[in-house]
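Residue-level listing of the chains:
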Amino acid sequence: MYAQVVVDVPSKQTNRPFDYVVPEELRTWIGVGSRVGVPFGPRTLQGFVVALSERTDMASGKLKKIEQVLDLVPPLNPELVQLARWMSRTYICHEITALQAMIPGALKAKYEKRIELADDAELKARKRADAQDGGQALLFAASPEEEAISAFVRQKGQVTTEAMLARFPEAGPLLKRMLEQGTFVEVQTVRDRMNAKTALFVAPAASPEELTAHSMKLPANAKRQKELLLWFAENLEPLPLAELTDKLDVGAGTVKALADKGLLSVTERELFRDPYAGREFRRTTPLALTPEQRQALEPVADTLERREHGVFLLHGVTGSGKTEVYLQAIQQCLDQGREAIVLVPEISLTPQMVERFKGRFGSAVAVMHSRLSQGERYDEWRKIVLKRVSVVIGARSAVFAPFDRIGLIIIDEEHESSYKQEESPKYHARDVAVERAAYHGAAVVLGSATPSLESYAKASGRLGSGAAGRYRLLTMAERVEGRPLPAVNVVDLREELKAGNRSMFSRGLYEALGQRLERQEQSVLLLNRRGYSTFVMCRSCGFVVQCPHCDISLTYHQVSRTMRCHYCGFSQPEPATCPSCESEHIRYFGTGTQRVEEELAKLFPGIRVIRMDVDTTSEKGAHERLLNRFRDRQADVLLGTQMVAKGLDFPDVTLVGVIAADTVLHLPDFRAAEKTFQLLTQVAGRAGRHRLPGEVFIQTYTPDHYSIVTASAHDFGAFLEQELDIRRQRGYPPYYELVLVTLSHEQVPLLVRAGEAFASRLKQCWEHERRGRGPGYPADSLGHLNDARGDGAYFEVYGPVASPIPRIKDRYRFQCMIKYRGNVDVAGMLAETAAAFDDTVRNDKLTISMDVNPQVLM
DNA sequence: AGCACGCCGACT
DNA sequence: GTCGGCGTGCTC
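This structure is a prediction, so every number in the text was calculated from the model and none was measured.

About the thresholds
- Residues numbered from 1 in each chain as written.
- Chains lettered and ligands numbered in written order.
- Predicted model: local features only at pLDDT ≥ 70, side-chain atom pairs only at ≥ 80, totals over all residues.
- Heavy atoms only, no water.
- Helix = DSSP H or I, 4+ residues; strand = E, 2+ residues; numbered from the N terminus.
- Buried < 20%, exposed > 50% of the residue type's maximum accessible area, 1.4 Å probe, protein only.
- Contact = heavy atoms within 4.5 Å.
- Polar contact = N/O pair within 3.5 Å; in protein donor to acceptor, adjacent residues only side chain to side chain.
- Salt bridge = Lys/Arg side-chain N within 4 Å of Asp/Glu carboxyl O.
- UniProt positions renumbered as here; feature names shortened; annotations may be inferred.
- Pairing = 2+ DSSP bridges.
- Axes fitted to C-alpha atoms, helices over the stretch in contact; angles between N-to-C directions.
- Expected span 1.5 Å × (residues − 1).
- pLDDT = per-residue confidence, 0-100.
- Near = heavy atom within 4 Å.
- Nonpolar A, V, L, I, M, F, W, Y, C, P; charged D, E, K, R; others polar.
- Domains from an automatic or database assignment.
- Disulfide = S-S within 2.5 Å.
- Phe/Tyr/Trp six-rings, centres within 6.5 Å; stacked < 30°, edge-to-face > 60°.
- Lys NZ or Arg CZ within 6 Å of the ring centre and 35° of its normal.

Caption draft 1: Structural context of the overall build of chain A. In terms of regular secondary structure, chain A is built from 25 helices and 34 strands. In terms of overall dimensions, chain A has a C-alpha envelope of 90 × 80 × 65 Å along the principal axes. Residue burial in chain A is summarised as follows: out of 858 residues, 52% are buried. When contacts within chain A are restricted to residue pairs at least 6 apart in sequence, long-range pairs at least 24 apart make up 75% of them.

Caption draft 2: Representation of the side chain of Thr654 in the model. Within the fold, Thr654 resides in strand 29 (residues 653-658). Among the polar contacts made by the side chain of Thr654, one reaches the side chain of Arg516 at a distance of 2.9 Å. In contact with Thr654, not counting residues within four places along its chain, are Arg516, Glu521, Gln522, Ala687, Gly688, Leu692, Pro693, Gly694 and Glu695.

Caption draft 3: View of the pattern of salt bridges. As enumerated under the stated definition, the model contains 34 salt bridges in all. Lys256 is paired through a salt bridge with Asp260; the nearest N and O atoms lie 3.2 Å apart. A residue pair is termed a helical-turn pair when its members lie 3 or 4 positions apart in one helix, as Lys256 and Asp260 do in helix 10 (residues 252-260) at four residues. The class for Asp260 is exposed, based on a relative accessible area of 57%. Put simply, Asp810 and Arg807 hold a salt bridge, and the shortest N to O gap is 3.6 Å. Each of Arg516, Arg519, Glu521 and Glu695 takes part in a single network of salt bridges with overlapping partners.

Caption draft 4: Summary view of the UniProt feature "binding site: Zn(2+) 2" (unreviewed entry) in chain A. Per the UniProt annotation, the sites labelled "binding site: Zn(2+) 2" (unreviewed entry) are Cys547, Cys550, Cys565 and Cys568. If you trace the backbone, Cys547 turns up in the loop between strand 22 (535-538) and strand 23 (555-557).

Caption draft 5: Inspection of the sheet that holds strand 32 (residues 794-808) at higher detail. As summarised here, the arrangement of the four strands in space is 32-33-31-34, forming an open sheet in which the pairing is antiparallel. Only two strands of the sheet have a single neighbouring strand rather than two, namely strand 32 and strand 34 (847-852). Here the strands of the sheet are splayed against their neighbours by 20 degrees on average, with no regard to which way each runs. The strands touched by helix 24 (residues 748-773) within the sheet are strand 31 (737-745), strand 32, strand 33 (811-821) and strand 34, with strand 32 carrying the most contacts at an inclination of about 165 degrees.

Caption draft 6: View of helix 18 (residues 507-519). With 13 residues, helix 18 should reach 18 Å at 1.5 Å per residue; the first-to-last C-alpha distance of 18 Å fits that figure. Listing the buried residues of helix 18 in full gives Leu509, Ala512, Leu513, Gly514 and Arg516. Those residues of helix 18 that are buried lie in contact with strand 21 (522-526), helix 19 (593-603), strand 28 (637-640), strand 29 and strand 30 (695-700).

Caption draft 7: Up close: the confidence of the model for chain A. Taken over all residues, the pLDDT of chain A has a mean of 85, while the share at 70 or more is 91%. Between residues 132-140, whose pLDDT stays under 50, and residues either more than four places distant or in other chains, the model counts six contacts. Within the model, pLDDT remains below 50 along residues 779-790, and this stretch shows 27 contacts once partners closer than five positions in the same chain are excluded.

Caption draft 8: Here's a closer look at the protein's contact with DNA strand B. Taken together, the residues surrounding DNA strand B are Val9, Pro10, Ser11, Gln13, Pro42, Arg43 and Lys113. Near the protein, meaning within 4 Å, the atoms of DNA strand B are sugar or phosphate in a fraction of 50%, with bases accounting for the rest. Here Arg43 contributes a side-chain N or O atom positioned 2.9 Å from a phosphate oxygen of DNA strand B. A breakdown of the residues in the surface near DNA strand B according to their chemical character gives three nonpolar, two polar and two charged.

Caption draft 9: Here's a closer look at the environment of Met537. Tracing the backbone shows Met537 in strand 22. With relative accessibility at 24%, the residue Met537 sits in the partly exposed group. Here the alpha-carbon distance between Met537 and Pro17, two residues 520 residues apart in the chain, equals 55 Å. Setting aside residues up to four positions removed in sequence, Met537 forms contacts with Gly542, Phe543, Val544, His585, Ile586, Arg587 and Phe589.

Caption draft 10: Main features of the domain arrangement of chain A. Splitting chain A by domain gives domain 1 (2-112), domain 2 (113-184), domain 3 (197-271), domain 4 (291-482), domain 5 (487-530 + 592-730) and domain 6 (737-852). Look at where the C-alpha atoms of domain 5 and domain 6 centre, and you get two points 39 Å apart.

Caption draft 11: View of the state of the cysteines. Tallied over the entire structure, the rule returns zero disulfides. Here Cys765 stays free of any disulfide, with the sulfur of Cys816 as its closest cysteine sulfur at 14 Å. For Cys765, a relative accessible area of 13% gives the class buried.

Caption draft 12: Inspection of the packing of aromatic side chains at higher detail. Throughout the structure, instances matching the rule amount to 13 aromatic pairs. Between Tyr456 and Phe716 the ring centres are 5.1 Å apart and the planes differ by 65 degrees, which places this aromatic pair in the edge-to-face class. In this pair, Tyr456 sits in helix 16 (residues 453-460) while Phe716 sits in helix 23 (residues 716-730), placing the two residues 260 residues apart along the sequence. Taken as a pair, Tyr456 and Phe716 share a single burial class, namely buried. Chaining the aromatic ring pairs together yields one cluster made of Tyr456, Phe677, Tyr706, Phe716 and Phe719. If you follow Arg167 out to its NZ or CZ, it ends over the ring of Phe152, 5.8 Å from the centre. Between the NZ or CZ atom of Lys819 and the centre of the ring of Tyr798, over which it lies, the distance is 5.1 Å.

Caption draft 13: Local environment of the pairing of strand 13 (residues 310-316). When you tally the buried positions in strand 13, you get seven out of seven residues, the bulk of the element. What you see with strand 13 is no split at all: Gly310, Phe312, Leu314 and Gly316 on one side and Val311, Leu313 and His315 on the other are buried throughout. Two elements, strand 13 and strand 18 (residues 443-448), share six bridges in a ladder whose sense is parallel. The partner of Val311 across the bridge, within strand 18, is Val444. In terms of strand pairing, strand 13 meets strand 19 (residues 472-476) through five bridges, oriented parallel. From the neighbouring strand, Gly316 faces strand 19, where its bridge partner is Met476.

Caption draft 14: Region of the structure containing unusual backbone geometry. The omega torsion of the bond from Ser424 to Pro425 falls at -5 degrees, within 30 degrees of zero and hence cis. Examined against the element boundaries, Pro425 turns out to sit in the loop between strand 17 (406-412) and helix 15 (429-440). Omega for the bond connecting Pro733 with Pro734 falls within 30 degrees of zero, at 5 degrees, which places this linkage in the cis form. For Pro734, the position within the fold is in the loop between helix 23 and strand 31. In this structure, Gln520 takes a positive phi of about 60 degrees despite not being glycine. With a relative accessible area of 57%, Gln520 lands in the exposed category.

Caption draft 15: Looking closely at the sheet that holds strand 21. Pairing is parallel in the open sheet, where six strands are placed in the order 20-30-29-21-28-27. In this open sheet, the two strands that pair with only one neighbour each are strand 20 (487-492) and strand 27 (609-612). The sheet shows a mean angle of 15 degrees between the axes of neighbouring strands, taken without regard to direction. Inspection of the sheet shows strand 29 paired to strand 30 by four bridges, in the parallel sense. Residue Val656 lies in a different strand from strand 30, and its bridge partner there is Val696. Running at roughly 160 degrees to strand 29, helix 21 (residues 672-684) makes contact with strand 21, strand 29 and strand 30 of the sheet.

Right, here's the structure in full:
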């Protein structure tokens, strides 16, 4: 049998399967999706089996053998292998990169070089050859040091270079010589980063009757053995040894004695590091659905029932009870014997959320998120591979859960940009989910109070596409129990300034905050910017302190009194005088969360504030701890960046304040208005979710902007109409698809030339394609956007131009934007262009990155 | 990605 | 005349 293996080398030339012989003894362990160690050139690499066959095109004499199988149960399955192929084409990445993204980091290959004594025969042969060569035999007269080292290696069998140098610190050069001479050979092995944790389990090895019978025959002094046997006569379940010795107060010796007699069995079993061990989850039962909820659930249930593929967009206002709909759909899916995946944005994967799922489905749930340790993550993932669970709830990468009977995939807060991975493979979990669901005949539910325009357009049929690829729209417009949406006050900060208020709090928000303190209710404050102030400028000469490695201004952090770069992490002490003109008139501009915290303390002495941003939540468990403190009413105000806007549900929160609604609005991003609308709607939804009514203050310098007006009126429809109009006019998604190609290099001139070359090649590629299709395609861009004839396909390359952040980590960046629509194989054209480009502009230091459907145009 | 093979400059 | 630069090509 032969296997096709994709090896762990992400390069253009190795981006294809290589053939290997499957040794007879490994056959039962190898399947499509197995992780294997294979010889590749001079070394051993990790690889994934992507196909098995009885035949090969290669002269079989040339084939090498698979050396080892890395897992007893293949970590991937044929469907995921196929999905990796799809991803590599769709997102233009190496196949191995897609495959690697599907397994937990713990299984990333770890290569280890070890030294062992050369085979005797081989060594003798080399000696003979050398002697004939000119009699260098003298070299082989081993010195005492050599003898010592050889003895060490012989004794250990194999040693790593590190272990060797730890024992013989001076032996570096000698070791090298001995390797050259052939006394030692280097071998490379693939190892896992992670080992499953195991423990010894004890179980009865005979029937209860036999155990009881034996216990009678035991000598009178074998009291402990007797006790143990009688216990196992009643308890048939295997038990960890440690727990047993603890519980029954018997020694391991007693167990062993009985095991030797064949009455008990002791086996090694995998233990799972359960991050939620020892936590009680209150069992919940399905709630009675509101008519709206029932109406939303019904079509999903129907699709599940028929085991058909279908995508639903569940548009439900904040507090409308989407989660209960998810839970009941999942229940039905499980009842069918199928599996479910629930995706949640990283920051809203809070204990509250986990609790709701664990509470309903108990131990059938695996949880995957980045705050788990590598070991915990690996164990949760093992539960999926070993079929111990049938529900996974997790962040983006959980979409790759290695299930093989998927019935339902839920994507909560589907508009969240964190579903897009910003590193290669730059996939969008929403698209991957739809692809997987199509394979499995599964349903997808995209849920949001503020759907992405892409999804909404697909659901409303606005793109004019046929039934194919169309999502079905489900709407829930009311909050459960008819609670009203909070009243929203938009505060014009310009008016505040005119009235002489230069504080960051408007009079309205200030008063409202004071009221909540009096009434002992809680408030949430949002400022979408961490740190203390955004930039530091000299008022004498206008100098702005910038990162020396990135073209971006540094942010001042009060606590550490440092200036930090939010892109590369560079930090330096705050300047006392202007680095440029040495003036002392340095001023801090803009407001960050730290600054607001300070201001609150000044205005409301004794106020208890919890600040939540990346700086205070980087520690493990910090996020949860802060939220618990807030829930337990140990604070009056929860102040934070966007992480306070999502999914939180605290009954006593009656006030939400947005310090500056414009921060996102003016970014050079075509989604700026959409993001602003979403953020405001989401954060407003945190108020008044329970008994007490809520109130919202939005502070802004642009109160008339449609995103702010519509968000304050809770009017998604109005926002949508306006935004879609603008997108159509400007040629942006959802009407047009984008691909962002970014080139980076240390030198600008080379980069400019490369960019031009890339763009013109790509244009040629399209010209060729276009001519093949005949006339009817507009050649120019914006003026002709709606004029596409023929099959309506359109394609245009913009740029190259310098990227919005022209330099990051000392590398300059240029980008080309590709806009297209209709039946254009852009991925194919890009792959072709990149290949041709590689052949002509060969330069290892030039990197080209492609972002299909980019979320951020940086 | 590594690593070997192969063809042109500054040194013993 | 050699050591070594990294351009080019290959890995089942």
